[in-house]
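Architecture and fold: a report
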Amino acid sequence: MALLEIKNLHVAVDDREILKGIDLTLDAGEVHAIMGPNGSGKSTLSYVLAGREGYAITAGTIRFQGKDLLAMAPDERARKGVFLAFQYPVEIPGVAGMTFLKTALNALRKERGAGELDAMQFLKFVRAQAKRLEIGDEMLKRALNVGFSGGEKKRNEVLQMAVLEPILAVLDETDSGLDIDALKIVADGVNALRSPERAMLLITHYQRLLDYIVPDRVHVLAHGRIAKSGGKELALELERKGYGEFLGEAA
Amino acid sequence: MASSIDTRERLQSVTDQAYKYGFVTDIDTDVAPKGLSEDIVRFISARKAEPEWLLAWRLKAYRHWLAMPEPIWSHVKFPALDYQDAYYYSAPKATDGPKSLDEVDPKLLETYEKLGVPLGERALLAGVAVDAVFDSVSVATTFKKKLEEKGVIFCSISEAVQKHPELIKKYMGSVVPYADNKHACLNSAVFTDGSFVYIPKGVRCPMELSTYFRINAAKTGQFERTLIIADAGSYVSYLEGCTAPMRDENQLHAAVVELIALDDAEIKYSTVQNWYPGDVEGRGGIYNFVTKRGACRGRNSKIAWTQVETGSAITWKYPSCILQGDNSVGEFYSVAVTNNRQQADTGTKMIHIGRNTRSRIISKGISAGRADNTYRGLVRILPKAEGARNYTQCDSLLIGDRCGAHTVPYIESRNPSARVEHEATTSKISEDQLFYCRQRGLSQEEAVSLIVNGFCKEVLQTLPMEFAVEAQKLLGVSLEGSVG
């Protein structure tokens, strides 16, 4: 059974069709990249997977671990192991990063029938993960994403992913706005989370990220459809030729 | 959209939950006839075997009250109060007062149990003394001994009238005069009980003092009166918290709290208020018209008010500080939550009289449903308040698009050396924030609670630890069903 199976997915926003029949299958252990020009529907796909309101599913199905993902509320999806690293992480004033992580982790552990971690265990676990992403205690004490630089926000998203240990991780333009050093740190963090049980969907505009996180499959999304799929070499080809070939064929 | 309809339905089911603390204890009460008159004032005074001077004071207040206009300047709406359609005295039957917990009506103890009042050993472990007010008469006061060793007096006002008349005579009405406002005036005439605290010179009160109020008998207005005196160099932290049973009629609650801090003394007064707010249409909630004021009489004295207001149909409350002593400090930290049809008009007054007096106001208003939330604050710097400073921060958070938030700051400075700062913000809980939290596994309610607690953090962290935990939970519960 595939971990994630998207079939003929059609999505409209305010009566305008954005996704026009997506088919995509991810197996456990796989990393797929979705590339495409601006406005091709990449972020829409990530939000639909996470269950954001405002997107009308007009046709198609999404099955996650064999279950109907679209029937689940956003928090239920999260507790079942779907994680979205946001392109624009949201500020939550007054809520320390550490508090947020703990609240989220306990919500997940409750779902999984595990008890709440005690404070010492939790601290140790988070610090180990944070260190790899060069996140210090000071940053964990600050209000979530408030006044964070672009790089700090993205590293913090990957930290949340590391702590929440999802089954399916969708990374929406996690590379955007990062300088090369920050990109390496984030990529190392993501690579460390690759595992045979976990699937990842990398949504990116640029091939650059894929130098550091090498995908098993690459898909090109254009005009709401997957226009082409291939191995990692497809990304290099896109880098060379650009998206012109796909922009031409208007829907 | 399918998912949003689903969300709405789910939220509706949460909103429909009955008020969690709505239960009524069936207990014999000794009730005065309905209505208000000089006879009732005399009846109350007689039942309490009060000295002549106190009855005279009550009557003076009553006669003044008759001619006094209702305060109409606040941003709240409600039908005119019918003062004759209420009871002004009701007391649990044990008139002689119990000698120990064994003598207390078991049903009463059960009520406290439901409320989580830590009496007996639980209280000892928690380090909290409880002067529990059931309706209008104190029935149990714990830890008196431990406090007595330090010379701390913590008892009901009625008891203090009998045992410490000189303190009552000297201080009662000295911060809130009987003619202060219509509600305080009524309280002065008909107050039935409340708490009295005296901390002697140089004593740091060994425990947090705590009182749980609970309105129980139907149609009994509650008129508590609290008086706290911190003598020179002393310190006390006082906690007040309350929940009330479900009621159909509006219940008037007009309390008066007076604090007096002498030289180098400090009083910290914390409140968590969760009275019945009425149903979603606002029917049956409590009217909370309270006058709270502290006088920093001595040099270097300090009074800090912290309040978390989540209940009542209408809240009309301005815990204030009169900064009389040089270098005295007044603080006001407030969280006011209004949901459904609740209305709150709350804030503070900082009156700077002495030199180098400082005040700090942090107010967090949260409005959801169709509620209205007003911050009203006065900072007054008098001519002699050389070097006075005030900092005010007023933040409003809106949930949904049918509620209101209003900020009404009054600033009067009559000393050119004074510095007054005022900052205000208004924000909304955004869809983005909610979605972000839910994507991390938090339910809608958990997400709202987390965001609101973050918004209120600066205030919550001024509360004593156990109280802060209770307050955090309360904020979540109060806003259940507010997002949809």
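Residues numbered from 1 in each chain as written. Chains lettered and ligands numbered in written order. Predicted model: local features only at pLDDT ≥ 70, side-chain atom pairs only at ≥ 80, totals over all residues. Heavy atoms only, no water.

With that settled, the discussion passes to the overall build of chain B. What chain B contains, in helices and strands, is 13 helices and 23 strands. Buried residues in chain B amount to 60% of all 484 residues. Of all intrachain contacts in chain B linking residues separated by at least 6 positions in sequence, the fraction that spans at least 24 positions is 84%. (Helix = DSSP H or I, 4+ residues; strand = E, 2+ residues; numbered from the N terminus. Buried < 20%, exposed > 50% of the residue type's maximum accessible area, 1.4 Å probe, protein only. Contact = heavy atoms within 4.5 Å.)

With that settled, consider the overall build of chain A. Scanning chain A for helices and strands turns up 10 helices and 12 strands. A compact globule built from 251 residues should have a C-alpha radius of gyration of about 18 Å, and chain A, at 18 Å, falls within 12% of that. Judged by the C-alpha coordinates and their principal axes, chain A covers about 55 × 40 × 35 Å. Buried residues in chain A amount to 55% of all 251 residues. Within chain A, contacts between residues at least 6 apart in sequence are counted, and of these 69% link residues at least 24 apart. (Rg over C-alpha atoms; globule rule 2.2 N^0.38 Å.)

Once that is clear, we can look at the nonpolar core. Counting 116 residues, the largest nonpolar core has A:I6, A:L9, A:L49, B:I366 and B:V452 as the members making the most contacts within it. Sequence-distant contacts of B:I366, that is, excluding residues within four places in its chain, are made with B:V335, B:A336, B:V337, B:T338, B:N373, B:L397, B:I399, B:V452, B:F455, B:C456 and B:L479. Judged by nonpolar contacts, the second largest core, of 49 residues, contains B:A86, B:F191, B:A254 and B:I314. (Core = buried A, V, L, I, M, F, W, Y, C linked by side-chain atoms within 4.5 Å.)

Residues and elements named next belong to chain B. By the criterion of burial, helix α10 (residues 431-439) is predominantly enclosed, with 7 of the 9 residues buried. Those residues of α10 that fall on the buried side of the exposure criterion are Q433, L434, F435, Y436, C437, R438 and Q439. Looking one or two residues beyond α10, the residue adopting positive phi is G441, at roughly 105°.

Let us look at the sheet that holds strand β5 (residues 67-68) of chain A. Residue and element names in this part refer to chain A. The antiparallel open sheet is built from 4 strands, whose spatial order is β2-β1-β4-β5. Edge strands, defined here as strands with exactly one partner in the open sheet, are β2 (16-26) and β5. With 7 bridges connecting them, strand β1 (residues 4-13) and strand β4 (residues 56-64) associate as antiparallel partners. Looking at the pairing, H10 lines up with A59 of β4. Along the sheet, helix α1 (residues 42-50) makes contact with β1, β2 and β4, crossing β1 at roughly 110°. (Pairing = 2+ DSSP bridges. Axes fitted to C-alpha atoms, helices over the stretch in contact; angles between N-to-C directions.)

Turning to the packing of helix α3 (residues 97-111) of chain A against helix α4 (residues 119-132) of chain A, a few remarks are in order. Residues and elements named next belong to chain A. Following both chains from N to C, one finds α3 and α4 inclined at 110°, their axes separated by 12 Å at the closest point. Taken together, the axis directions place α3 and α4 in an arrangement best described as roughly perpendicular. In this structure, the crossing between α3 and α4 has a hand that is right-handed. Facing α3, whose interface residues are M98, L101, K102 and L105, α4 presents A119, F122, L123 and V126. Of the residues belonging to the contact of α3 with α4, the class tally is 7 nonpolar, no polar and 1 charged. (Parallel < 35°, antiparallel > 145°, perpendicular 65-115°, else oblique. Left-handed = near helix turned anticlockwise from the far one by under 90°. Nonpolar A, V, L, I, M, F, W, Y, C, P; charged D, E, K, R; others polar.)

Opposite the 34 residues of chain A that make contact, chain B presents 23 residues. The junction of chain A with chain B conceals about 2,300 Å² of combined surface from both sides, 63% of it contributed by carbon and sulfur atoms. On the surface where chain A and chain B come into contact, there are 3 salt bridges. Taken together, the links from chain A to chain B amount to 11 residue pairs in polar contact (both at pLDDT 80 or more). At the level of secondary structure, the elements contributing two or more residues to the side of chain A that touches chain B comprise α1, α2 (74-79), β6 (82-85), β7 (92-96), α3 and α6 (150-164) of chain A. With 5 residues, the top contributor of residues to the side of chain A that touches chain B is α3(A). (Buried area = accessible area lost by both parts, 1.4 Å probe. Salt bridge = Lys/Arg side-chain N within 4 Å of Asp/Glu carboxyl O. Polar contact = N/O pair within 3.5 Å; in protein donor to acceptor, adjacent residues only side chain to side chain.)

This part covers the state of the cysteines. All names here are of chain B. Inspection of the entire model under this criterion finds 0 disulfides over all chains. Not engaged in a disulfide, the cysteine C155 finds its nearest cysteine sulfur in C205; these two sulfurs lie 13 Å apart. Cysteine C296 is unpaired, with the sulfur of C321 as its nearest cysteine sulfur at 5.6 Å. A relative accessible area of 0% means that C296 is categorised as buried. (Disulfide = S-S within 2.5 Å.)

Moving on to the sheet that holds strand β3 (residues 31-35) of chain A. Residue and element names in this part refer to chain A. On the basis of which strands lie adjacent, the open sheet formed by 6 strands has the order β6-β9-β10-β3-β11-β12 and mixed pairing. Here the strands that pair on one side only, and so sit at the sheet edges, are β6 and β12 (225-230). Neighbour-to-neighbour, the strand axes of this sheet turn through a mean angle of 20°, independent of strand direction.

Residue and element names in this part refer to chain B. As for its position among the elements, T462 is in the loop between α12 (457-460) and α13 (465-478). Of note is the side chain of T462, whose polar atom sits 3.0 Å from the side chain of T306. Once residues lying within four places of it in the same chain are set aside, the contact partners of T462 are K268, T306 and Y333.

Our focus in this paragraph is the packing of aromatic side chains. Residues and elements named next belong to chain B. Scanning the entire structure with this criterion turns up 17 aromatic pairs over all chains. A centroid spacing of 5.1 Å and a plane angle of 25° characterise the contact between Y238 and Y269, whose relative ring orientation is stacked. Here the residue Y238 occupies a position in strand β9 (residues 235-243), and Y269 occupies one in strand β12 (residues 266-274), the gap between them amounting to 31 residues. Residue Y238 is classed as buried on the basis of its relative accessible area of 0%. (Phe/Tyr/Trp six-rings, centres within 6.5 Å; stacked < 30°, edge-to-face > 60°.)

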